[in-house]
Structures are given as C-alpha cells and as structure tokens.
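Analysis of the macromolecular model
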Amino acid sequence: MRTDVAHWLHHRTFRASDYDPHRLLEQKRCQGSTVSVVLPALDEERTVGAIVAALRRDLVDGVPLVDEVVVVDSGSTDRTAGVAGAAGARVVHVDDVLPEHGHVPGKGEALWKSLYVTSGDLLVFLDSDLVGFDPTFVVGLLGPLLTDPAIGYVKGLYDRPVDTHDGLVPTGGGRVTELTARPLLNALWPHLSGFVQPLSGEYAGRRELLEQVPFVSHYGVELGLLVDLADLAGIDALAQVDLGTRRHSHQSDAALGRMAGQVLQTALARCWGIGVGEDTLVQYVRTEAEIEAVTWEVGVRERPPMRSVPGYRGARARGRVR
Ligand SMILES: O=c1ccn([C@@H]2O[C@H](COP(=O)(O)OP(=O)(O)O)[C@@H](O)[C@H]2O)c(=O)[nH]1
Ligand SMILES: O=C(O)[C@@H](COP(=O)(O)O)O[C@H]1O[C@H](CO)[C@@H](O)[C@H](O)[C@H]1O
C-alpha cells in the first residue's frame with residue numbers, strides 16, 4: 001500500500017463508538033451548527049418509516065443532534081411519502097424542487113435538490129432501504145465533522161452481508177464497489193484507495209463544500225462526490241467511519257451492471273472528459289426462443305454546483321424552501 005494512503009488510513013479512519021452523542025451535542029451547540037438528515041427514496045415504503053422513526057426517537061426528540069429529517073421522494077409509486085411523513089419526516093417530491101431545471105431521474109438528482117430544500121450546515125445522507133437501521137450511524141458520521149474542523153466529508157464503512165436464498169451471508173454486499181469502483185479508484189485515483197466503502201450510501205459533509213461541487217445523476221453521485229471533493233478540499237479533508245454492519249435491499253446483478261455502467265461513465269468523465277451524456281449498455285436475457293439483447297441507457301448527467309444556482313442563497317437565507 002502506498003505510504004500516503006497508509007498514512008491517510010491511519011489518521012482519517014474512525015469508529016462510531018469513538019463518539020458520544022451527548023458530547024457531540026455540546027460541540028454542535030458550541031459551534032452553532034445545524035444538521036439536516038436527507039433520505040433519497042424511490043419506492044421504499046417497507047423501510048423508510050422505521051428509519052425516520054428511529055432518527056426522530058433518538059436524535060431529534062432524544063439527544064437533539066438532528067435539526068431536520070427530509071425525505072426526497074424520487075417519484076415513488078408506493079406509499080413512501082405517506083409512510084415517511086407519518087413517521088415524522090418532511091417529505092419533498094423531487095419534481096417540486098427547482099422545476100425550472102427540468103426533470104432528471106435518479107438518486108443523484110434527489111441528493112442535488114436536497115441541498116436546496118434543507119438548511120443544515122452539516123448534511124447527513126442515508127439510504128432509505130436500510131434494514132435494522134441504527135441511529136448511531138448518524139452519530140458516527142457526524143463525529144469527525146463536529147470534532148475536527150479540518151474534516152469536511154465523511155463516508156461510512158461497514159460489513160455488508162447479503163440476503164440470499166440460503167439466508168444471510170456475512171459478506172458479499174457492495175458488488176459494484178468490489179467489481180467496478182475499487183479497481184477504478186486504485187487505477188485512476190490511488191490516493192482514494194483507502195476508502196473501504198467508496199460507494200457507501202451513508203455519508204455526511206459540510207454544506208460549504210457540498211455546494212461547490214457538481215452532482216452526478218443516477219448512481220454516479222457517490223463516485224463523483226468522492227473524486228470532486230478530494231480535488232476541491234484535499235484528501236485530508238475526507239475521512240471514513242466504521243459503522244459496523246449495514247443491511248439493505250439488494251438489486252439484481254443486471255441492475256447492478258447498469259449501476260456499474262453509470263459509475264464507469266462518471267469516472268470516464270473525470271479522467272478523459274468523456275462519458276457524461278448519452279451512453280448505452282447492451283445486456284442479454286434468455287427467452288423461450290432466443291437470447292434477447294436489451295439496450296439500456298447508462299449515460300449520466302451533471303447538475304452544477306448548487307452555489308451557482310440562482311435563488312439558492314435566497315432559499316438558504318429564508319431557511320427551508322417549501
Ligand atoms: O432513482 C432513484 C434510485 C434510488 N434512490 C434511492 O437511493 C438509495 C440507494 O438506491 P438503491 O437502494 O437502489 O441502491 P443500492 O443500495 O441497491 O446500491 C435508496 O434510498 C433509493 O430509494 C432514489 O432516491 N432514486
Ligand atoms: O456498493 C455497491 O456496490 C452498491 C451495491 O451494493 P450491493 O451489492 O447491492 O450490496 O451499493 C452502493 O452503491 C450505490 C452507487 O454509488 C449507492 O448509491 C448505494 O447507496 C450504495 O448502496
């Protein structure tokens with residue numbers, strides 16, 4: 001391992017158990033910081049309610065580390081919005097935010113627009129499909145940000161078991177990470193090779209950094225943020241925290257193949273200025289009669305840094321935007 005990566009790993013890897021929520025609350029109040037938790041959600045009615053309820057119980061009504069919990073509904077066709085609202089989240093539909101910028105599908109769009117509709121100095125992002133969510137995830141992600149002003153962005157790391165037909169297997173999750181993102185980072189951005197879970201869906205950052213970088217659409221958002229924030233703030237402004245174990249709903253290999261295509265497009269755009277825009281991936285399905293070729297669009301788009309969006313400052317100055 002490169003010595004610079006070994007050094008980074010040593011002094012920028014933390015554990016959630018290193019942080020006490022009451023001590024962090026004191027730090028938060030002393031700094032006058034506010035915290036927004038954002039959950040992007042697409043058809044997550046089964047899991048989003050329990051996550052929001054646990055967050056409110058422990059970190060809003062309990063130790064008030066969190067000032068607002070916002071679910072950004074990406075266009076769910078199930079009861080995600082109602083379940084999240086009933087559990088105590090503020091729910092925003094992605095198409096109701098900055099409609100003048102048009103509609104872009106995908107997770108990255110929900111996260112980009114979340115900057116516009118939240119007011120926290122610190123933002124925490126959580127997937128809405130987590131199973132057995134523990135609010136200490138948020139305590140761990142906030143820990144480095146509330147205790148070290150030199151740290152601006154924190155990624156979660158964890159063991160990633162997979163639910164299989166034979167039951168829960170202790171490892172095996174993070175298939176796009178292991179088969180696409182990690183090889184790409186090691187080859188093209190070796191200074192980022194210390195991240196154990198570079199694509200983790202649980203992370204936190206300072207708004208003042210997040211509003212200065214573009215947001216890649218779809219599933220390119222995590223790789224894009226990691227590369228761009230390291231470029232903007234330097235690797236020592238980035239950290240990772242061990243959150244233990246993370247269980248979530250798993251997509252099919254074919255769906256993850258398309259996710260890998262979006263991650264690859266994001267990397268290509270940062271390496272050789274190609275990739276952002278149209279791009280297709282042909283996958284194959286065996287039918288009764290034949291092997292059918294199915295062409296998917298895996299191109300990604302980039303939304304500009306939120307700081308450049310007219311009205312953003314105003315929205316922030318007014319606090320929350322309806
Ligand atoms: O178009 C989308 C796709 C995904 N998501 C959300 O983004 C998170 C991560 O997506 P997913 O679970 O599909 O990815 P995985 O964790 O399986 O890689 C989840 O909360 C999804 O509901 C979203 O808001 N809009
Ligand atoms: O890490 C990964 O390989 C993928 C897929 O995870 P699984 O193989 O379904 O456990 O999951 C992550 O990647 C996505 C793209 O960055 C993120 O949006 C997800 O939040 C994250 O779970």
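Source: prediction; values computed, not measured.

**Quick notes on a nonpolar patch on the surface**
There is a patch of nonpolar side chains on the surface, built from Val282, Tyr284 and Ile291 and spanning about 310 Å² of accessible area. Structurally, Ile291 is set in strand 15 (residues 291–297). Residue Ile291 is classed as partly exposed on the basis of its relative accessible area of 45%.

**As for the pattern of salt bridges**
Applying the stated criterion across every chain, the model contains 21 salt bridges. The shortest N-O distance in the salt bridge between Lys107 and Asp127 comes to 3.0 Å. Note that Lys107 is positioned in helix 5 (residues 107–117) and Asp127 in the loop between strand 5 (122–125) and strand 6 (130–131), a separation of 20 residues in sequence. Both residues of the pair, Lys107 and Asp127, count as buried. Overlapping salt bridges, with partners in common, bring together Lys107, Asp127, Glu202, Glu222 and Arg246 in one network.

**Some remarks on the site of ligand 2**
Lining the immediate environment of ligand 2, one finds 17 residues, of which Asp127, Arg160, Arg175, Thr177 and Glu222 sit closest. Measuring from an oxygen atom of ligand 2, one finds a side-chain N or O atom of Lys107 at 2.9 Å. Val176 has a polar backbone atom sitting 2.8 Å from an oxygen atom of ligand 2. Out of a free accessible area of 500 Å², ligand 2 has 97% covered by protein chains. Counting residues per element, the ones that place at least two in the shell around ligand 2 are helix 7 (175–188) and helix 10 (253–272). With three residues, the single largest contributor to the shell around ligand 2 is helix 7.

**A short note on the side chain of Ser76**
Considering the arrangement of structural elements, one finds Ser76 in the loop between strand 3 (68–73) and helix 4 (80–87). A polar contact of 2.8 Å, which involves the side chain of Ser76, links it to the backbone nitrogen of Asp43. Among residues more than four places away in sequence, those in contact with Ser76 are Ala41, Leu42 and Asp43.

**Notes on unusual backbone geometry**
Of note in the backbone geometry, Leu98 takes a positive phi value of approximately 50° without being a glycine. Given the relative accessible area of 3%, Leu98 is considered buried. Positive phi, close to 55°, is recorded for His218, a residue that is not glycine. As for its placement among the helices and strands, His218 is situated in the loop between strand 11 (215–216) and helix 9 (221–233).

**Observations concerning the sheet that holds strand 5**
The eight strands are arranged 1-12-7-10-5-2-3-4 in an open sheet whose pairing can be described as mixed. Edge positions in the sheet fall to strand 1 (13–15) and strand 4 (90–93), since each of these pairs with one other strand and no more. Ignoring which end each strand starts from, the neighbouring axes of this sheet average 25° apart. Relative to strand 4, strand 3 is paired through four bridges, and the arrangement is parallel. Paired with Val70 across the bridge in strand 4 is Arg90.

**Structural notes on the side chain of His248**
With respect to the element layout, His248 can be found in strand 13 (residues 247–248). For His248, a relative accessible area of 12% puts it in the buried group. In terms of polar contacts, His248 uses its side chain to reach the side chain of Asp129, at 3.2 Å.

**Details of the site of ligand 1**
Around ligand 1, a shell composed of 15 residues is seen, among which Pro40, Leu42, Glu44, Ser128 and Tyr219 lie nearest. The contact in question runs from an oxygen atom of ligand 1 to an N or O atom on the side chain of His248, over 3.1 Å. Within the shell around ligand 1, the residues separate by chemical class into five nonpolar, six polar and four charged.

Cut-off values and rules
Residues numbered from 1 in each chain as written. Chains lettered and ligands numbered in written order. Predicted model: local features only at pLDDT ≥ 70, side-chain atom pairs only at ≥ 80, totals over all residues. Heavy atoms only, no water. Patch = residues over 30% accessible without salt bridge, like charges linked within 9 Å, V, L, I, M, F, W, Y side chains within 5 Å. Areas by Shrake-Rupley, 256 points an atom, 1.4 Å probe, with all protein chains shown as cover. Salt bridge = Lys/Arg side-chain N within 4 Å of Asp/Glu carboxyl O. Helix = DSSP H or I, 4+ residues; strand = E, 2+ residues; numbered from the N terminus. Buried < 20%, exposed > 50% of the residue type's maximum accessible area, 1.4 Å probe, protein only. Near = heavy atom within 4 Å. Polar contact = N/O pair within 3.5 Å; in protein donor to acceptor, adjacent residues only side chain to side chain. Contact = heavy atoms within 4.5 Å. Pairing = 2+ DSSP bridges. Axes fitted to C-alpha atoms, helices over the stretch in contact; angles between N-to-C directions. Nonpolar A, V, L, I, M, F, W, Y, C, P; charged D, E, K, R; others polar.

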